[in-house]
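Residue-level structural notes
Residues per chain are reported as follows:
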Amino acid sequence: MDAFPKLIADALHHEWGSTLSSRKIVSRITNANERAVKNWFEARNGPSGENLVELMRHSDAVLDAMLSAAGRQTHLRTLKVDAVERQIRELLTLIEQERGVPGLH
C-alpha cells in the first residue's frame, strides 16, 4: 500500500467516518465520481491535485495530513495556535457581553 493513499484514507475516515453517506459527501465536495471516492477511502489510490485541494479546503484532517507529510509541522502548529487564539477571543467577547463588562482583554 502506498503511503499517500493511506494518508488520505486515514484523514478521510477521521474527518467523515466510514459510512456510505460520508463517501457521498466527499463526492459532492470534490465533484468526483463515487467509485473514485470509494477508492480514496479504501486507500487504493489518492485524489488528483484538484480534488486534493478541495479536500484540504473542506477538511482540517486532510490539510493537517498534507502539511505533516510535507514536513511543515511548524506551519501546522501556527494554524492550530491561531485557531485556538480566535476561539479564546470569541469566548472573551461573549463573556464581556454576558457580564456587561467592556474590554476584559
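Take H75: it is sitting in helix 6 (residues 73-99). The class for H75 is partly exposed, based on a relative accessible area of 37%. Considering only alpha carbons, one finds H75 and D64, eleven residues apart in sequence, at a separation of 9.6 Å.

By the element assignment, R35 lies in helix 3 (residues 34-41). Given a relative accessible area of 64%, R35 falls into the exposed group. In this structure, the C-alpha to C-alpha distance between R35 and R23, residues twelve residues apart in sequence, is 9.2 Å.

For the coordinates displayed, the defined rule picks out seven salt bridges. For the salt bridge of K24 with E34, the shortest nitrogen-to-oxygen distance reads 3.6 Å. Linking K24 in helix 2 (residues 20-30) with E34 in helix 3, this pair joins segments that are ten residues apart in sequence. Taking relative accessible area as the criterion, E34 reaches 38% and is therefore assigned partly exposed. A salt bridge links E54 to R57; its shortest N-O distance comes to 2.3 Å. Of this pair, E54 and R57 both sit in helix 4 (residues 49-58), three residues apart, roughly one helical turn. Residue classification places R57 among the exposed residues on the basis of a relative accessible area of 56%. One salt-bridge network, in which partners are shared between bridges, spans R23, E42 and R44.

A separate point is the nonpolar core. Counting 15 residues, the largest nonpolar core has I8, L12, V26, V37, W40, L55 and V62 as the members making the most contacts within it. Secondary-structure elements contributing two or more residues to this core are helix 1 (3-16), helix 3, helix 4 and helix 5 (60-69). In contact with V62, other than residues within four places in its own chain, are I8, A11, L12, L52, L55 and M56.

Reading the values: the criteria
- Residues numbered from 1 in each chain as written.
- Predicted model: local features only at pLDDT ≥ 70, side-chain atom pairs only at ≥ 80, totals over all residues.
- Heavy atoms only, no water.
- Helix = DSSP H or I, 4+ residues; strand = E, 2+ residues; numbered from the N terminus.
- Buried < 20%, exposed > 50% of the residue type's maximum accessible area, 1.4 Å probe, protein only.
- Salt bridge = Lys/Arg side-chain N within 4 Å of Asp/Glu carboxyl O.
- Core = buried A, V, L, I, M, F, W, Y, C linked by side-chain atoms within 4.5 Å.
- Contact = heavy atoms within 4.5 Å.

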